[in-house]
Amino acid sequence: MSDATLEQYTLLLVGRTGNGKSSTGNAILDKPAFKPCNANIVSNDDVIEFSSAQVDGRSIQVIDGTGTGDIGSDAKLDTVSLIDCITKGLWGFANNVNAIILVLKYGVRFTKQEKDAVELIKSLFGQDVLKKWGVIVMTHGDNFEMDNEDSKATFEDWFKEQTGDIQTLITECDNRCVLFNNREKDEDKKLHQCQRLINKVKAIQNLPYTKEDFQKAEKGRKKLLVQANFPKMESETKEMIVQLHAKLAEMEKNGKQRENSEKLNVLYSQLINFKTYLENEDDGAGLVGRLVQQVEVALLSVKTKMTQWALVTPEDKQDTPPEEEPMIQPPIEEAGVRYNKGKDMACIELFTAEEEDKGPKCLDRLLSHKRARAIFIIAGIIVIISIIISVVCTVVLS
Ligand SMILES: Nc1nc2c(ncn2[C@@H]2O[C@H](COP(=O)(O)OP(=O)(O)O)[C@@H](O)[C@H]2O)c(=O)[nH]1
Ligand SMILES: [Mg+2]
């Protein structure tokens, strides 16, 4: 019989590494097509493997989606590579897929990692992928047989008794769940378990999963990429904010207002650019909201400083002495003369010792003004003349 007249099934095996995907693929095809036990050797090039065979008068194609349940597990495969391999690999082998075979391991608790793997598969292929095309294969059927040797309980009895997450998953797959013993040697039993699987695949009422269905799940894959990139973006945001506060503190300290205002403008546009970068990376996935909020708070701090420092007039800015400029301290208790420049006149005031910090500045200004300098000189001359007169008088009288 030619391939064209045969019933054809394309099965995609997904699940955590070590659950028995490759072994199941071999059991279905009845040949050593995939290499089992490669749990820790995950090559980016051959993440997806393909093989086919004629089994029981059917043409069966199996895609072994190694690593499809494995981001963050022992067999680490980074998200970018995984998505890349699936996108390129899957559609290189098939035009459509009749069933997504979720491979689980009998006798192992349905842990958080298993649950995460299921979520990952949904993110990769679409949230409704298991509901519409999922069939659960429970490997290690030999262990099941040993466990139930005495009770003679069937696998159907077993999965109907299940509760919690595993029950939810079985229900989600519309009870399409079969037991597989990949170590089975008996040819009849091997054929029988394969037929049971094909019957569950046939029970799927939906049209096969296509490239279009895969494209519809693009948003989920994008979200995975943002999630993978999130720690990097989070630390970049943290670093940005720490640096910003250090720079603001430094500006506050140096008091060079005009220079600072230029620096503030630069900081402001850096923050705006950083916010745009975060939003672009997120690309609608909605995961960077918290980071964007932190940048907005930082932007507000810069804006506040801009307003505060803009209140200082240019004249004030010029008058602010640079930090390194030596200050000449007047002697304590010493009084002096203060020169104040009003709107249209200059006046001189006495200043007291409590204001000694302002003294040298006033004296400098006083001496640098012509009228004040003249008054000062005249006063000096009068004092000197009085001293001379009193000395002369003293001498004459004595
Ligand atoms: N006893 C038993 N061992 C199995 C069964 N299926 C797989 N294994 C073993 O489980 C290990 C992992 O299987 P493998 O097919 O490499 O898993 P994969 O990483 O999901 O492809 C291998 O040592 C297999 O021999 C099974 O039904 N019964
Ligand atoms: Mg494998």
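Residues numbered from 1 in each chain as written. Chains lettered and ligands numbered in written order. Predicted model: local features only at pLDDT ≥ 70, side-chain atom pairs only at ≥ 80, totals over all residues.

A. Geometry of the site of ligand 1. In the vicinity of ligand 1 there are 19 residues, among which G20, K21, S22, S23 and P36 approach most closely. Broken down by secondary-structure element, the contributors of at least two residues to the shell around ligand 1 are α1 (21-29) and α5 (141-147). Sorting elements by how many residues they give to the shell around ligand 1 places α1 first, with three residues. (Near = placed C-beta within 6 Å. Helix = DSSP H or I, 4+ residues; strand = E, 2+ residues; numbered from the N terminus.)

B. Representation of helix α11 (residues 257-282) within the structure. With 26 residues, α11 should reach 38 Å at 1.5 Å per residue; the first-to-last C-alpha distance of 37 Å fits that figure. Downstream of α11 by a residue or two, D283 has a phi angle that is positive, lying close to 45°. (Expected span 1.5 Å × (residues − 1).)

C. Seen up close, helix α8 (residues 187-202). Along its 16 residues, α8 runs 22 Å from first to last C-alpha, staying within 8% of the 22 Å computed at 1.5 Å per residue. When α8 is considered as a whole, its buried residues turn out to be Q193, C194, L197, I198 and K200. End-on, the buried residues of α8 take up no more than an arc of 160°, which puts them together on one face. Away from the buried face of α8 by more than 90 degrees, exposed residues E187, D188, N199 and K202 are located. Residues of α8 that are buried in the fold lie against β1 (7-14), α1, β2 (48-55), β3 (58-65), β6 (134-139) and β7 (177-179). (Buried ≥ 20, exposed ≤ 12 C-beta atoms within 10 Å, placed from the backbone. Arc of directions from axis to C-beta. Contact = placed C-beta atoms within 7 Å.)

D. Geometry of the UniProt feature "transmembrane region" (unreviewed entry) in the protein. As recorded in UniProt, the sites labelled "transmembrane region" (unreviewed entry) are residues 374-397. For residues 374-397, the end-to-end C-alpha separation is 34 Å, with 100% helix and 0% strand making up the annotated structure. (UniProt positions renumbered as here; feature names shortened; annotations may be inferred.)

E. A look at the environment of L29. Examined against the element boundaries, L29 turns out to sit in helix α1. C-alpha separation for the pair L29 and S51, spaced 22 residues apart in sequence, amounts to 8.1 Å. Leaving out residues up to four positions away in the same chain, L29 has contacts with S51, A53, V55, I60 and V62.

F. Summary view of the nonpolar core. Judged by nonpolar contacts, the single largest core of 51 residues is most densely connected at L11, I100, I101, L102, I121 and V137. With near-sequence residues (within four places) excluded, V137 lies in contact with T24, I101, V103, V178, F180 and L197. Ranked by size, the runner-up nonpolar core spans nine residues in total, among them L267, L271, V288 and V295. (Core = buried A, V, L, I, M, F, W, Y, C linked by C-beta atoms within 7 Å.)

G. Region of the structure containing the confidence of the model for the protein. Per-residue confidence for the protein gives a mean pLDDT of 82; residues scoring 70 or more make up 79%. pLDDT under 50 marks residues 313-364. Its contacts with residues more than four places away, or in other chains, come to 53 contacts. (pLDDT = per-residue confidence, 0-100.)

H. Looking closely at the packing of helix α10 (residues 218-254) against helix α12 (residues 289-310). Across the interface, α10 lies against α12 with an axial gap of 10 Å and an inter-helix angle of 15°. Judged by the inter-axis angle, α10 sits roughly parallel to α12. Where α10 crosses over α12, the two elements pack in a sense that is left-handed. Residues M233, E234, T237, I241, L244 and L248 of α10 pack against L291, Q294, V295, A298, S301 and K305 of α12. Its residues placed into classes, the contact of α10 with α12 shows seven nonpolar, three polar and two charged. (Axes fitted to C-alpha atoms, helices over the stretch in contact; angles between N-to-C directions. Parallel < 35°, antiparallel > 145°, perpendicular 65-115°, else oblique. Left-handed = near helix turned anticlockwise from the far one by under 90°. Nonpolar A, V, L, I, M, F, W, Y, C, P; charged D, E, K, R; others polar.)

I. Examining the packing of α10 against α11 more closely. For the pair α10 and α11, interaxial distance at closest approach is 11 Å and the crossing angle is 170°. When the interaxial angle is binned, α10 and α11 end up roughly antiparallel. Across the interface between the two elements, V226, N229, M233, M240, L244, K247 and M251 from α10 touch N260, K263, L267, F274, L278, E281 and D282 from α11. Its residues placed into classes, the contact of α10 with α11 shows eight nonpolar, two polar and four charged.

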